[in-house]
Amino acid sequence: MRASWDDRRDEDTTRRAQGALTDHDVFPARIQLHLAASPDLAEMSRVSVHLLIAYRDAVVGGEPHREAELEFTRHRAVLMRAMRAALSRSR
């Protein structure tokens, strides 16, 4: 039986989601941030990575993932603003 277009697309999405954290060096970047940033930023980064993992797991598991995506996106925006503020203070 041939796989449908939707099945192939779902398999491709799952494959890409599984490798995304490694492909984009998420963990090394988080470690660098943890070593160089304030404890508050390091904690925000830790939470962000956990939200990203939850989002990835929802995609890989074939579950509805819109809420996980929104939660990660909102938290990432807060983290980015905090990082920009920290960088502007250090200049």
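For clarity, every value in this text was computed on a predicted model and none was experimentally measured.

A. A look at the overall build of the protein. Secondary structure assignment for the protein yields four helices and zero strands. Scanning the protein from its N terminus toward the C terminus, one meets helices and strands in the order α-α-α-α. The burial tally for the protein puts 23% of its 91 residues in the buried class. Residue pairs at least 24 apart in sequence account for 57% of intrachain contacts in the protein once pairs closer than 6 positions are excluded.

B. Representation of the pattern of salt bridges. One pass over the structure, following the stated rule, counts four salt bridges. For arginine 46, the salt bridge is made with glutamate 43, and the minimal N-O distance between the two is 2.6 Å. Of this pair, arginine 46 and glutamate 43 both sit in helix H3 (residues 39-60), three residues apart, roughly one helical turn. For arginine 46, a relative accessible area of 32% puts it in the partly exposed group. Since its relative accessible area comes to 36%, glutamate 43 is described here as partly exposed.

C. Representation of the environment of leucine 41. Counting through the fold element by element, leucine 41 comes out in helix H3. Residue leucine 41 is classed as buried on the basis of its relative accessible area of 8%. Sequence separation between leucine 41 and methionine 83 is 42 residues, and the spatial gap between their C-alpha atoms is 7.2 Å. The residues contacting leucine 41, other than those within four sequence positions of it, are Leu33, Leu79, Ala82, Met83 and Ala86.

D. Molecular detail of the environment of valine 59. Among the structural elements, valine 59 can be located in helix H3. Each C-alpha atom of the pair valine 59 and arginine 16 lies 9.7 Å from the other, and the pair is 43 residues apart in sequence.

E. How the structure looks around helix H4 (residues 66-89). Given a rise of 1.5 Å per residue, 24 residues ought to cover 34 Å, and the 35 Å separating the end C-alpha atoms of H4 matches this to within 8%. Among the residues making up H4, those that are buried are Phe72, His75 and Leu79. Structurally, H4 contributes buried residues whose contacts are with H3.

F. Spatial organisation of the nonpolar core. Core analysis: the largest hydrophobic core is formed by six residues, namely Leu21, Val26, Val49, Leu51, Leu52 and Phe72. Per-element tally for this core: the top contributor is H3, with three residues. Setting aside its immediate chain neighbours within four residues, valine 49 contacts Val26, Phe27 and Arg30. Core analysis: the next-biggest nonpolar cluster, separate from the first, contains five residues, Leu33, Ala37, Met44 and Leu79 among them.

Definitions and cut-offs
- Residues numbered from 1 in each chain as written.
- Predicted model: local features only at pLDDT ≥ 70, side-chain atom pairs only at ≥ 80, totals over all residues.
- Heavy atoms only, no water.
- Helix = DSSP H or I, 4+ residues; strand = E, 2+ residues; numbered from the N terminus.
- Buried < 20%, exposed > 50% of the residue type's maximum accessible area, 1.4 Å probe, protein only.
- Contact = heavy atoms within 4.5 Å.
- Salt bridge = Lys/Arg side-chain N within 4 Å of Asp/Glu carboxyl O.
- Expected span 1.5 Å × (residues − 1).
- Core = buried A, V, L, I, M, F, W, Y, C linked by side-chain atoms within 4.5 Å.

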